[in-house]
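One letter stands for each residue in the lines below.
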Amino acid sequence: GPRVGAASRRFTALAAASVARPGQILLVAANEEEAFLEPLPLSLLPMTPNRYAELEGLGLRSLGELAQLPAGAVAERLGV
């Protein structure tokens, strides 16, 4: 069934729609975006299967774990 996600940022809205139950509208307030995204899986990011495997090999499983890494190190490894 259809699912709808709404948030102040496009990625968060897409993430909300992807985890909403069929027929559900999931709204994420701007001040709740970080907490909402934190436990979600890395598979929501548009990456190649090899990149997912690389991150999982480093022990990363969620968006929150990736977000805790230094931005410069992530950009060096994954690109901007």
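This text follows the structure it describes.
Source: prediction; values computed, not measured.

## A word on the overall build of the protein chain
At step 1: When you go through the protein chain residue by residue, the secondary structure sums to five helices and two strands.
At step 2: In the protein chain, the succession of helices and strands from N to C terminus is β-α-β-α-α-α-α.
At step 3: The dimensions of the protein chain, computed from C-alpha atoms along their principal axes, are 40 × 25 × 20 Å.
At step 4: Put simply, the protein chain has 80 residues, and 30% of those count as buried.

## Topic: the nonpolar core
At step 1: Core analysis: the largest hydrophobic core is formed by 16 residues, its most contacted members being F36, L37, L40, L42, L63 and L66.
At step 2: At the level of elements, helix 1 (10-19), helix 2 (33-37), helix 3 (49-57) and helix 4 (63-67) are the ones that each hand at least two residues to this core.
At step 3: With sequence-adjacent residues up to four places away left out, L40 is seen in contact with A15, V19, R61, S62 and L63.

## Here's the deal with the side chain of E33
At step 1: Note on placement: E33 falls in helix 2.
At step 2: The buried category is assigned to E33, whose relative accessible area is 7%.
At step 3: E33 has contacts with A7, S8, R9, T12 and V28, leaving out every residue within four places of it along the chain.

## Focus on the pattern of salt bridges
At step 1: With the rule as written, the count across this model stands at two salt bridges.
At step 2: Note that R9 is salt-bridged to E33, the shortest N-O span being 3.7 Å. With a gap of 24 residues between them, R9 in the loop between strand 1 (4-6) and helix 1 and E33 in helix 2 connect regions that are remote in the sequence.
At step 3: With relative accessibility at 58%, the residue R9 sits in the exposed group.

## Focus on helix 1
Because an α-helix completes one turn every 3.6 residues, residues spaced three or four positions apart along the sequence face the same direction.
At step 1: Those residues of helix 1 lying buried are T12, A13, A15, A16 and A17.
At step 2: Next to the buried residues of helix 1 lie strand 1, strand 2 (25-27) and helix 2.

Definitions and cut-offs
- Residues numbered from 1 in each chain as written.
- Predicted model: local features only at pLDDT ≥ 70, side-chain atom pairs only at ≥ 80, totals over all residues.
- Heavy atoms only, no water.
- Helix = DSSP H or I, 4+ residues; strand = E, 2+ residues; numbered from the N terminus.
- Buried < 20%, exposed > 50% of the residue type's maximum accessible area, 1.4 Å probe, protein only.
- Core = buried A, V, L, I, M, F, W, Y, C linked by side-chain atoms within 4.5 Å.
- Contact = heavy atoms within 4.5 Å.
- Salt bridge = Lys/Arg side-chain N within 4 Å of Asp/Glu carboxyl O.

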